[in-house]
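Observations on chain architecture
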Amino acid sequence: MDIAALRNAHPDHWMKATAIRTLTLDAVAAANSGHSGMPMGMADVATVLFEKHLKFDPKAPHWPDRDRFILSAGHGSMLLYALMYLTGYEDMPLEQIKDFRQWGARTAGHPEFGHARGIETTTGPLGQGIANSVGFAIAEEIQRATWGKKIIDHHTYVMAGDGCLMEGVSQEAIALAGMQKLSNLIVFWDNNNITIDGTVDIADITDQKMRFKASGWHVQEIDGHDPDAIDAAITAAKKAGKPSMIACKTHIALGHAAQDTSKGHGALTDNEQLKAAKETYGAPMGDFEVSADARKQWSDIGARGAAARKEWDGRFSTLSASKQAEFNRIYAGEAPKRLSATIRALKKQITEGQPKAATRKSSEMTLEVINPIMQETIGGSADLTGSNNTLTSDMGVFHPDTRKGRYIYYGVREHGMAAAMNGMALHGGTRPYGGTFMCFTDYARGAMRLSALMGIPTTYVMTHDSIGLGEDGPTHQPIEHLAMLRATPNMNVFRPADTVETAEAWELALTSQKTPSVLALTRQGLPTVRTEHKNKNMVAQGAYVLADAEGKRQAILLATGSEVSIAMEARDLLHADGIGTRVVSMPCWEIFEEQEESYRKRVLPGGPVRVAIEAGIRFGWDRWLFGERGKREKSGFIGMHGFGASAPAEQLFKEFGITAQDTADKVKSLIK
């Protein structure tokens, strides 16, 4: 690579791109940690994108119609931080660049959503960013069709590396994007042929260009250091009428002694080599120094978007007051005022009729009344629509021919679905939910964890939540999954006992601002256990007394979901034997943990024996059994201790000892 030729051919461009490279070198050197090579290799692409194409305004970083820029190769975070600093984002002063990877800094090792305005998503795990981008692009398509091009019409740009494309979730994402013809999605592939272990071909010989073409994408191949070629490719991509991938042939750690090597991927901290690279670039030699000309040109680039944003403000002001209010509501993530009354009306109807229903059906019943009043919901399923009960009659299907549709057929792509839903939530103006079998949270886990980490209210509808699914057997029966999900910080796991609790759980999920929700729902029918109507959302307390003891309280039964009705039956058996028994429904542990101790003490007082009933493993239950004023020797667990089996549900509950009689016997054995 002839650096001098690049400098001489495009001196102004080179100067601006050099600022990204030197800031990266200095920040990584100061931290003695990081990844220098990717920002150095993709600086030319980033410079052309930000200078000539990206619609953004650093002074209005949440402008709804801005273009979205996603750094899927998140290890190259200094590329993003340098761009934000140079273009004038208030959250990214030079001090933050100097504090790269330090405690309390916004400049984390990988971009973290919420740390600074301008970071669109958290991209550490490779593949997540490109998968998120599909959700961003879907949200943009739906909103453009709904609100019109004068209000919503923007692009989603992604930088992805070889690692992103090796991760399996990338195929789920690009296949979905290709089928949906997401024409405002443009991906730059940093084709530098380097991984940590060596050149790419020691592990992968995939023809990525043909792979994208086969998935329905427009594909171009360019020199990733030629600004004219980059500009022309982006221009062509915008006109393609389908998602576009631009394969950018680049040199990792361009201009450094470690160029084109695996060492170039990581932290380049040798001081002499750093100085030599700056000399090669013709850059200022001071630490974190950017030439006055480069600073001025980058500042002008940052200021350019203000005019477009002001024009948008003018167009937005022409909407009626009611439409403006609705748009602002959905972008604020606020539920409509009618939601609470709508949920209360459904609850009253259920307590009066007391139907027996699987909670997956209960969820559908709830969505049937929610979706018409919350047009921002976007539903879907990973090829299990009829089983997850996630499609309601008002939604319409999202498809290249029906962009106003709000229901997505994701195909058998649980991970891609979850990551896309995160992208929709991050885009703004949407409330995404999607379904699969609960056992397949294993496939979606990477994206679900990021929902919690980013603090975004994605909703996961996970049906067939226990051995109660029956004959499909142990491969499909969740055993450890509730424990795994509950172990995840900032995730609300709801396991409702009937339709009333399901409706209440949905209300909480759709009013959450910073916590994702999992609804663990049954395949099998359950009786209505909430037979007395209450306006109050009882699930909002996490746990509550469903039925109290008659006479002296000697036992407390704790249960979730389908086992609450078993607890109620066991209570009847124990009362027949003169043993006063309280039943506590615990639909959401996480919310119960947040309640005042005085409330938790009223629900779980010391003294009586405690038995928990749940068709999953015991892990986690000891907190409630002999924590919270309980005693180990006076507690027991009715549930699973291994994997399930293939048989009818009723027989499985009997064979695994999860019955009312087993529960009553356990209580009696603990009463001394």
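Our subject is the structure that appears above.
Residues numbered from 1 in each chain as written. Predicted model: local features only at pLDDT ≥ 70, side-chain atom pairs only at ≥ 80, totals over all residues. Heavy atoms only, no water.

Topic: the overall build of the protein chain
In plain terms, the rule: Working definition: helices are DSSP H or I runs of at least four residues, strands are E runs of at least two. Numbering for both runs from the N terminus. Taken over C-alpha atoms, the radius of gyration is set against a globule rule of 2.2 Å times the number of residues to the power 0.38. Categorising residues by exposure relies on relative accessible area from a 1.4 Å probe, with only protein chains included: less than 20% of the type maximum marks a residue as buried, more than 50% marks it as exposed, and the intermediate range marks it as partly exposed.
Assigned secondary structure in the protein chain consists of 26 helices and 16 strands. Here the protein chain has a C-alpha radius of gyration of 28 Å; the compact-globule value for 672 residues is 26 Å, and the two agree. Taken along the three principal axes of its C-alpha coordinates, the protein chain extends 95 × 55 × 45 Å. Going through the 672 residues of the protein chain one by one, you find that 62% of them count as buried.

A short note on the nonpolar core
Soluble globular proteins tend to bury their nonpolar side chains together. Applicable threshold: Among buried residues, those of type Ala, Val, Leu, Ile, Met, Phe, Trp, Tyr and Cys that are joined through side-chain atoms within 4.5 Å constitute a nonpolar core. For this analysis, residues touch if any pair of their heavy atoms sits within 4.5 Å.
With 56 residues, the main nonpolar core has Ile-138, Leu-185 and Trp-217 as its most contacted residues. The residues contacting Trp-217, other than those within four sequence positions of it, are Ile-174, Ala-177, Gly-178, Leu-185, Val-187, Phe-212, Lys-242, Pro-243, Ser-244 and Met-245. The next biggest cluster of nonpolar side chains, apart from the first, holds 53 residues, and it includes Met-38, Ala-43, Tyr-81 and Ile-222.

Remarks on the pairing of strand S16 (residues 635-639)
Counting buried residues along S16, 5 of its 5 residues qualify, which places the element largely inside the surrounding structure. Taking every second residue as pointing to the same face, both faces of S16 are buried, with Ser-635, Phe-637 and Gly-639 on one and Gly-636 and Ile-638 on the other.

Considerations on unusual backbone geometry
Even without glycine at this site, Asn-490 takes up a positive phi of about 55°. Here Asn-490 shows up in the loop between helix H19 (481-486) and strand S10 (492-494). At Arg-629, a residue that is not glycine, the phi angle is positive and equals roughly 75°.

Some details on helix H4 (residues 77-87)
An α-helical turn contains 3.6 residues, so a residue and the one three or four places further along point in the same direction. Burial analysis of H4 places 11 of its 11 residues in the buried class, which makes it a mostly covered element. Restricting attention to buried positions, one finds in H4 the residues Ser-77, Met-78, Leu-79, Leu-80, Tyr-81, Ala-82, Leu-83, Met-84, Tyr-85, Leu-86 and Thr-87. Buried-residue contacts for H4 involve helix H2 (11-31), helix H3 (37-52), strand S1 (68-71), helix H5 (94-98), strand S2 (156-161) and helix H12 (292-317).

Let's talk about the sheet that holds strand S12 (residues 544-547)
How we decide: Whether two strands pair comes down to DSSP finding at least two bridges between them. Note on geometry: axes are lines fitted to C-alpha atoms, helical ones only across the stretch in contact, with angles between N-to-C directions running from 0 to 180 degrees.
Judged by pairing direction, the sheet is mixed, and its 5 strands sit side by side in the order S12-S14-S13-S15-S16 without closing on themselves. At either margin of the open sheet sits one strand with a lone partner, and together these are S12 and S16. When strand polarity is set aside, the average angle formed by the axes of neighbouring strands in this sheet is 30°. Direction of pairing for S12 relative to strand S14 (residues 580-585): antiparallel, over a ladder of 3 bridges. Across the sheet, residue Tyr-544 finds its bridge partner in S14, namely Ser-585. Along the sheet, helix H21 (residues 563-576) contacts S12, strand S13 (553-559), S14 and strand S15 (609-614); its crossing angle with S14, the most-contacted strand, is approximately 170°.

Points about the packing of aromatic side chains
The line we're drawing: Pairing of aromatic rings covers Phe, Tyr and Trp, the last through its six-membered ring, and needs centres within 6.5 Å; plane angles under 30 degrees mean stacked, over 60 mean edge-to-face, and all others mean tilted. Any Lys NZ or Arg CZ that is within 6 Å of a ring centre and within 35 degrees of that ring's normal is treated as a charge sitting over the ring.
Using the criterion set out here, one finds 20 aromatic pairs in the structure. Relative to Phe-56, the ring of Phe-50 lies with its centre 5.2 Å away and its plane at 70°, an arrangement referred to as edge-to-face. For the pair shown, Phe-50 and Phe-56 are each scored as buried. Seen from their ring centres, Tyr-157 and Phe-188 are 6.2 Å apart, and the 15° between their planes marks the pair as stacked. Taken as a pair, Tyr-157 in strand S2 and Phe-188 in strand S3 (residues 185-191) lie far apart in primary sequence, 31 residues in all. Phe-188 carries the same exposure label as Tyr-157, and that label is buried. An aromatic cluster is present here, built from Trp-147, Trp-312, Phe-316, Phe-327 and Tyr-331 joined pairwise through their rings. In this structure, Arg-486 packs its charged tip against the face of Trp-589, placed 3.8 Å from the ring centre. Just above the ring of Phe-626 sits the side chain of Arg-632; from NZ or CZ to the centre is 4.0 Å.

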